[in-house]
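Summary of structural features
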Amino acid sequence: MKLSYRAINLPFQYPFTISHGRTKTHQPSLIVALELGPFMGFGEAPAITYYNVTVEDMIADLEKHRKMIEKFALTEPERYWHYLHHLIPNNPFLVCALDMACWDLFGKMKGQPVYQLWNTTWDKIPVTDYTIGIDTIDIMINKMKAHPWPIYKIKLGTPQDIAIIEALRQYTDATFRIDANAGWTVAEALSKIPQLATLGVEFIEQPLAKDDWEGMKILYEKSSLPLYADESCVSEQDVKKCAGHFHGINIKLTKCSGLTPAIRMIQEARTLGLKVMMGSMNESTIGSAAIAQFLPQLDHVDMDGPLLLAEDIATGLQYEQGQVTLSGKPGLGIQLR
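Notes on the structure follow. None of the values given here were measured: they were computed from a predicted structure.

1. Regarding the overall build of the protein
- Secondary structure assignment for the protein yields 14 helices and 15 strands.
- On C-alpha atoms alone, the protein measures out to a radius of gyration of 19 Å, which is about the 20 Å that the 2.2 N^0.38 rule sets for 337 residues.
- In terms of principal-axis extent, the alpha carbons of the protein reach across some 60 × 40 × 40 Å.
- Out of the 337 residues in the protein, the part that is buried amounts to 59%.
- Counting only carbon and sulfur atoms, one obtains 52% of the accessible surface of the protein, whose full area is about 13,600 Å².
- Side chains of the protein carry 31 positive and 38 negative charges; the gap between the two charge centres is 4 Å.

Dropping the structure here:
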């Protein structure tokens, strides 16, 4: 195989703010490509500061391990992931990008979309939400006006959380999902969740700090809304810990290190009675098309990355009121612009 890569820095349509005052205007990412004969597969890894992931560090690891990355004799993507997992054990975002590119490449070699390689059929597809970052109420409403959508994922974690949702609820009857991004204490969550339940909220994502398992046990027993783990469920070993503390998990491909481990995480979650959501890390159409391959296996999905960006790097997905349509082409079905 031949490896190539490209750093990008795509602007958001709006400044994107989540709890603890974290705001960004652009999403830096690394695009990787694996070429084998006439076929080329693409993968993406966004750089996320609060996970200490930078494009520069990923490029350094690529160059350090280039010969080993390229020398692997590809027979199946699962074996390549295991190889990469041991080769680059401390950079799951980069492993994800390479795993993603491998699945795209393998699908093109087999002439099938990735989801068909997994023997899943394109039915019972969940609707993706559209994310509203923390802002003034007027701006949040204006975002909704500009993007009418059946389901909104609303970032919270402020002293005005209830007032925000009350105001937004006056504007729309759409379903609300709340992502606190670990921004609440147990007392705040116990106070806010019952109020949010009366305001048409579907579920709450990551209400407490990622390691507050005792607090989550309390919320799990008392919450009137389902609770989904995000920061508390990063990799495969976290899934089992979430049982009895959350009602479901939100899998992020970049955090868990790729499509290959995500398949196993879904299987384990099902055996534990956990619901399964897959979420975005503000990926372009490349990373979002990888999420889309899992749609038949999911209960919920948050794959609005391309909708939040002012510019994109690829085509291959269509969004219509939350319904996602693939191109039908092999692999991830994407094409670089």
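Structure's up, so let's keep going.
2. Re helix α8 (residues 186-197)
- The end-to-end C-alpha distance of α8 is 16 Å, a good match for the 16 Å that 12 residues give at a rise of 1.5 Å each.
- When we look at burial in α8, the residues that qualify are V186, A189, K192, I193 and L196. Seen from one end, α8 has its buried residues packed into an arc of 125°, which puts them on one side.
- Tucked into the core, α8 has its buried residues touching α7 (161-171), β6 (175-179), β7 (201-205), α9 (213-222) and β8 (227-229).

3. A few points about the nonpolar core
- Among the nonpolar cores identified, the biggest contains 86 residues, and I154, I165, W184 and F294 are the most heavily contacted of them.
- No other element matches the six residues that helix α12 (residues 259-271) contributes to this core.
- Excluding residues that lie within four positions of it along the chain, W184 makes contacts with L156, G157, D161, I178, A189, K192, I193, L196, I204, P207, L208 and A209.

4. Quick look at the sheet that holds β6
- What the eight strands build is an open sheet, ordered β4-β5-β6-β7-β8-β9-β10-β11; its pairing is parallel. The two strands at the open ends of the sheet, each matched to only one other strand, are β4 (130-132) and β11 (300-301).
- Here strand β10 (residues 275-278) runs beside β11; their pairing, made up of two bridges, is parallel. Each bridged residue has a counterpart across the sheet, and for M277 the counterpart in β11 is H300.
- Running at roughly 160° to β6, α7 makes contact with β5 (151-155) and β6 of the sheet.

5. What about the pattern of salt bridges?
- The final tally for this structure, using the stated rule, is 16 salt bridges.
- Between K143 and D135 there is a salt bridge, with its nearest N and O atoms 3.9 Å apart.
- Looking at K143, the relative accessible area reads 5%, which means it is buried.
- By relative accessible area, D135 is classed as partly exposed at 27%.

6. Quick look at the packing of α7 against α8
- Viewed as axis vectors pointing N to C, α7 and α8 meet at an angle of 5°, and their least axial separation amounts to 10 Å. In terms of their interaxial angle, α7 and α8 are classed as roughly parallel. Of the residues in α8, those in contact with D161, I162 and I165 of α7 are K192, Q195 and L196.
- Split by residue class, the contact of α7 with α8 holds three nonpolar, one polar and two charged.

7. Focus: the sheet that holds strand β3 (residues 39-46)
- A sheet is described by the order of its strands in space; here three strands give the open sequence β1-β2-β3, paired in antiparallel fashion. Both edges of this open sheet fall to β1 (2-18) and β3, since each of them pairs with a single strand only. Taking the axes of each pair of neighbouring strands and ignoring which way they run, one obtains an average angle of 20° across the sheet.
- Where β1 meets strand β2 (residues 22-36), 13 bridges bridge the pair, whose relative direction is antiparallel. Bridged to T17 within β2 is T23.

8. Considerations on the side chain of S235
- Locating S235 in the fold gives a position in the loop between β8 and α10 (236-242).
- On the basis of relative accessible area, S235 is assigned to the buried category, the value being 17%.
- For S235, the side chain forms a polar contact with the side chain of Q237, separated by 3.2 Å.

9. Details of the packing of helix α3 (residues 77-87) against helix α4 (residues 92-110)
- Between α3 and α4, whose axes approach to 10 Å, the crossing angle comes to 160°. What the angle tells us is that α3 and α4 run roughly antiparallel. The two elements α3 and α4 cross, and the hand of that crossing is right-handed. Side by side, α3 and α4 meet where P77, E78, Y80, W81, L84 and H85 of the first sit next to V95, L98, D99, C102, W103 and F106 of the second.
- Class assignment of the residues belonging to the contact of α3 with α4 gives a composition of nine nonpolar, one polar and two charged.

10. Thoughts on the environment of E311
- In this structure, E311 sits in the loop between α14 (305-308) and β12 (314-315).
- Taking the C-alpha atoms as reference points, E311 and L10, 301 residues apart in sequence, are found 6.0 Å from one another.
- With near-sequence residues (within four places) excluded, E311 lies in contact with L10 and P11.

About the thresholds
- Residues numbered from 1 in each chain as written.
- Predicted model: local features only at pLDDT ≥ 70, side-chain atom pairs only at ≥ 80, totals over all residues.
- Heavy atoms only, no water.
- Helix = DSSP H or I, 4+ residues; strand = E, 2+ residues; numbered from the N terminus.
- Rg over C-alpha atoms; globule rule 2.2 N^0.38 Å.
- Buried < 20%, exposed > 50% of the residue type's maximum accessible area, 1.4 Å probe, protein only.
- Areas by Shrake-Rupley, 256 points an atom, 1.4 Å probe, with all protein chains shown as cover.
- Lys, Arg positive; Asp, Glu negative; His and termini not counted.
- Charge placed at Lys NZ, Arg CZ, Asp CG, Glu CD.
- Expected span 1.5 Å × (residues − 1).
- Arc of directions from axis to C-beta.
- Contact = heavy atoms within 4.5 Å.
- Core = buried A, V, L, I, M, F, W, Y, C linked by side-chain atoms within 4.5 Å.
- Pairing = 2+ DSSP bridges.
- Axes fitted to C-alpha atoms, helices over the stretch in contact; angles between N-to-C directions.
- Salt bridge = Lys/Arg side-chain N within 4 Å of Asp/Glu carboxyl O.
- Parallel < 35°, antiparallel > 145°, perpendicular 65-115°, else oblique.
- Nonpolar A, V, L, I, M, F, W, Y, C, P; charged D, E, K, R; others polar.
- Polar contact = N/O pair within 3.5 Å; in protein donor to acceptor, adjacent residues only side chain to side chain.
- Left-handed = near helix turned anticlockwise from the far one by under 90°.

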